[in-house]
Amino acid sequence: MYTTGDRLKVSLFGKSHADRIGCVIEGLPLGMHIDIDDIKRSMDLRRPSDRIGTSRKETDDVIFDSGISDDVVTSRYVILTIRNENKDPTSYSEFNRKPRPGHADLPALIRFKGMDISGGAQFSGRMTAPLVAAGAIASQYLRAKGIGIAAYTKQISDIKDENEHTFDEIYASRSFITRSISKEYDSMMTERILSASEDGDSVGGVVGCMVNGLPIGFGGIWFDALDVTIAKMMFSIPGVKGVEFGKGFSIAEMKGSESNDQYHMMGGEVSASSNNMGGVCGGMSDGMPLTFNVAFKPTPSISKEQHTIDLHEMKDTAISIKGRHDPCIVPRAVAVVEAMTAIAIMDQYLSHHPGEWEHDHHHLSIPSS
Ligand SMILES: Cc1cc2nc3c(=O)[nH]c(=O)nc-3n(C[C@H](O)[C@H](O)[C@H](O)COP(=O)(O)O)c2cc1C
C-alpha cells in the first residue's frame, strides 16, 4: 500500500488490471454522515467522456467493505474498493518487452524484475479512482466547515484560458466535458483533443484550482506547510509535470512593488487588493483564495510510431500503441486535482487546527472592482 497523510491517512492498493483497486481511509471522525450520491457525482466527473476519453469504460461503483454502515462512519478505518471490470491485458503484453516512451514502463521493468506492467499496473491513471472517492468524502467534511474546492481546465495544448474566474464559475465547469469554463472554450478544447487523437497523437494542458474559506494562518509550517503538502499531492498524480501557486513562475519577472499583495482594512476585515501569492505566505493561508495551477503532460500512450528498445534482445525497435487511452488526461484529471486537494486540506485541518474551527477567524476578501 502507498500511504499519504498524518491525521487523515489514505493508503492506496491494487493495480490497473487487478480484480479491484481501493484505499483505506484512517482518521475520519466517527459518526460523520457520508453523502453517497455526492461520491457518485465525483466519480462520474473522473469517468471518460464519449469522444474525448478512453474507450475503457468502468462503472466505478464504490463499495464500502468496512467502516461505514447506514451511511455513517463507524470505525477509525474505512475500506473502499472499486471493481476493474473492463480489463484487456492482451493489448499490454508487448510493453513488458518494449517499454512505452513517457510511461513508467522502463524504470518499473528494470527496477522490479519480472513485473507485469499490464494496464500500467500501479502506475496507471486508473489508481486515481479510489482517491477521487476518498477526496469526495474529505470535501464533504470541509464543506461543512465552510471550505470549498473547485478546479477547471485552464489550458489544453495551445488553447489557453488566461482570464480570472470566480469560485462559482470554476464550479460550473462541471457541466462541460473538457471541464473548461465556457461553451466556447469547451468546443475549442474538444477540437484540439479530437484532432490530436485523429493524428494518433495526444495533448497536455493545465488544471487551475481554487480553495475558498481558509482562515488566515491555516496550515502547517516548513515541511508540513500548506503549499508543500498540496504540491506533494499534485505531483503524486500520474502525468503531472508542474505546480505553481498564484503568479507562479511569472512572478520572477515582477518587482516587489508589483508582486506584493498589499493589505488594507475593508469593513473591519483585513483585505488585499490582489492575489499574486495564490493565497499562501510562509506556507500558511493569508486568507485570500488559495489558487494554484497544475501542468499535465500529453498522454504518453499514442498510436503514432515512436522509437523504443526491445528489452529481451537489447536492440532498437519501434512501437505504435493500439490499446485504449485518453488522448488528453486533463479533462478527467480535474476531478483528481479536486480530490487530492481535499485530502491534503482535511489532513492539514486535523493535524494543525483540530477543534479550532468554530473560533473567530479573519478572511481576506478581494474588493469588487
Ligand atoms: C486520470 C488519468 C488518466 C490517464 N490515462 C492514461 C492513458 O490512458 N494512457 C497513458 O499512457 N497514460 C495515462 N495517464 C498518465 C500515466 O498514468 C502517467 O503518465 C504514467 O503513469 C507515468 O507517470 P508520470 O507521467 O507521472 O511520470 C493517465 C493519468 C491520469 C491522472
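Residues numbered from 1 in each chain as written. Predicted model: local features only at pLDDT ≥ 70, side-chain atom pairs only at ≥ 80, totals over all residues. Heavy atoms only, no water.

Thoughts on the overall build of the protein
So, point 1. When helices and strands are tallied, the protein shows eight helices and 18 strands.
So, point 2. Over its C-alpha atoms the protein spans a radius of gyration of 21 Å, differing by no more than 12% from the 21 Å that the globule rule assigns to 369 residues.
So, point 3. For the protein, the residues scored as buried account for 53% of the 369 residues in total.
So, point 4. Summarising the internal contacts of the protein: among those between residues at least 6 apart in sequence, 71% fall at separations of at least 24. (Helix = DSSP H or I, 4+ residues; strand = E, 2+ residues; numbered from the N terminus. Rg over C-alpha atoms; globule rule 2.2 N^0.38 Å. Buried < 20%, exposed > 50% of the residue type's maximum accessible area, 1.4 Å probe, protein only. Contact = heavy atoms within 4.5 Å.)

Some remarks on the pattern of salt bridges
So, point 1. For the structure on display, the rule yields 18 salt bridges.
So, point 2. Between D44 and R47 there is a salt bridge, with its nearest N and O atoms 3.8 Å apart.
So, point 3. Using a relative accessible area of 27% as the deciding quantity, one classes R47 as partly exposed.
So, point 4. A salt bridge links D60 to R126, with the shortest nitrogen-to-oxygen separation between them at 2.9 Å. With D60 in the loop between helix 1 (36–46) and strand 4 (62–66) and R126 in the loop between helix 2 (105–111) and helix 3 (128–143), the pair connects residues that are 66 residues apart, well separated along the chain.
So, point 5. On the accessibility criterion, R126 (7% relative accessible area) is buried. (Salt bridge = Lys/Arg side-chain N within 4 Å of Asp/Glu carboxyl O.)

A look at the site of the ligand
So, point 1. As a structural note, the neighbourhood of the ligand is formed by 16 residues, with F123, G239, K297, S301 and H325 the closest of them.
So, point 2. Contact between the ligand and H325: a nitrogen atom at 2.9 Å from a side-chain N or O atom of the residue.
So, point 3. Backbone polar atom of D326 to an oxygen atom of the ligand: 3.0 Å apart, as the coordinates give it.
So, point 4. Within the complex, 87% of the 630 Å² of free accessible area of the ligand lies under protein.
So, point 5. Of the residues that constitute the shell around the ligand, the class distribution is six nonpolar, eight polar and two charged. (Near = heavy atom within 4 Å. Polar contact = N/O pair within 3.5 Å; in protein donor to acceptor, adjacent residues only side chain to side chain. Areas by Shrake-Rupley, 256 points an atom, 1.4 Å probe, with all protein chains shown as cover. Nonpolar A, V, L, I, M, F, W, Y, C, P; charged D, E, K, R; others polar.)

Side note on the sheet that holds strand 11 (residues 240–245)
So, point 1. With respect to topology, five strands assemble into an open sheet ordered 9-8-10-16-11, the strand pairing being antiparallel. With one partner strand each, in any of the chains shown, strand 9 (159–160) and strand 11 form the two edges of the open sheet.
So, point 2. Bridge analysis of strand 8 (residues 148–156) against strand 10 (residues 205–212) gives eight bridges, and the strand direction is antiparallel. In the sheet register, I149 faces strand 10, and the bridge partner there is V211. (Pairing = 2+ DSSP bridges.)

Some remarks on unusual backbone geometry
So, point 1. The phi dihedral of D60 falls on the positive side, at around 55°, and the residue is not glycine.
So, point 2. Backbone geometry places R179, a non-glycine residue, at a positive phi of 65°.
So, point 3. Residue R179 is classed as buried on the basis of its relative accessible area of 2%.

Some words on the packing of aromatic side chains
When we look at a pair of aromatic rings, we describe it by the centre distance and by the angle of the planes.
So, point 1. Across all of its chains, the model carries four aromatic pairs by this definition.
So, point 2. Relative to Y349, the ring of Y141 has its centre 5.9 Å away and its plane inclined at 55°; by these criteria the two rings are tilted. Pair noted here: Y141 is in helix 3 and Y349 is in helix 8 (residues 330–352), with a separation of 208 residues, a long-range link. This pair shows no difference in class: Y141 is buried, exactly as Y349 is.
So, point 3. Relative to F223, the ring of W222 has its centre 5.4 Å away and its plane inclined at 50°; by these criteria the two rings are tilted.
So, point 4. Judged by its relative accessible area of 70%, F223 is exposed. (Phe/Tyr/Trp six-rings, centres within 6.5 Å; stacked < 30°, edge-to-face > 60°.)

Considerations on the side chain of D310
So, point 1. Within the secondary structure layout, D310 lies in strand 17 (residues 306–310).
So, point 2. When its relative accessible area of 7% is taken as the criterion, D310 is described as buried.

Observations regarding the confidence of the model for the protein
So, point 1. For the protein, per-residue confidence averages 93 on the pLDDT scale, and residues scoring 70 or more make up 95% of the total.
So, point 2. Note on residues 364–369: pLDDT under 50 across the span, and 21 contacts to partners over four residues away in sequence or across chains. (pLDDT = per-residue confidence, 0-100.)

Things to note about the sheet that holds strand 1 (residues 2–4)
Within a sheet, neighbouring strands are paired by backbone hydrogen bonds and run either parallel or antiparallel to one another.
So, point 1. The strand order across the open sheet formed by five strands is 1-2-3-7-4, and the pairing between neighbours is antiparallel. In this open sheet, the two edge strands, each paired with only one partner strand, are strand 1 and strand 4. For this sheet, the mean inter-axis angle between neighbouring strands, taken without regard to orientation, is 20°.
So, point 2. Taken together, the four bridges between strand 4 and strand 7 (residues 77–83) define a ladder with antiparallel strand orientation. Its bridge partner lying in strand 7, S66 is registered against I79. (Axes fitted to C-alpha atoms, helices over the stretch in contact; angles between N-to-C directions.)

Side note on helix 3
So, point 1. End to end, helix 3 covers 22 Å across 16 residues, agreeing with the expected 22 Å (1.5 Å per residue, within 8%).
So, point 2. In terms of residue burial, helix 3 counts as a mostly covered element, since 15 of its 16 residues are buried. (Expected span 1.5 Å × (residues − 1).)

Re the environment of I39
So, point 1. Examined against the element boundaries, I39 turns out to sit in helix 1.
So, point 2. Look at I39 and you get buried, because its relative accessible area is 2%.
So, point 3. Separated by 209 residues in the primary sequence, I39 and G248 have C-alpha atoms spaced 32 Å apart.
So, point 4. Filtering out sequence-adjacent residues up to four positions away, I39 remains in contact with I34, V62, F64, A133, A136, I137 and Q140.

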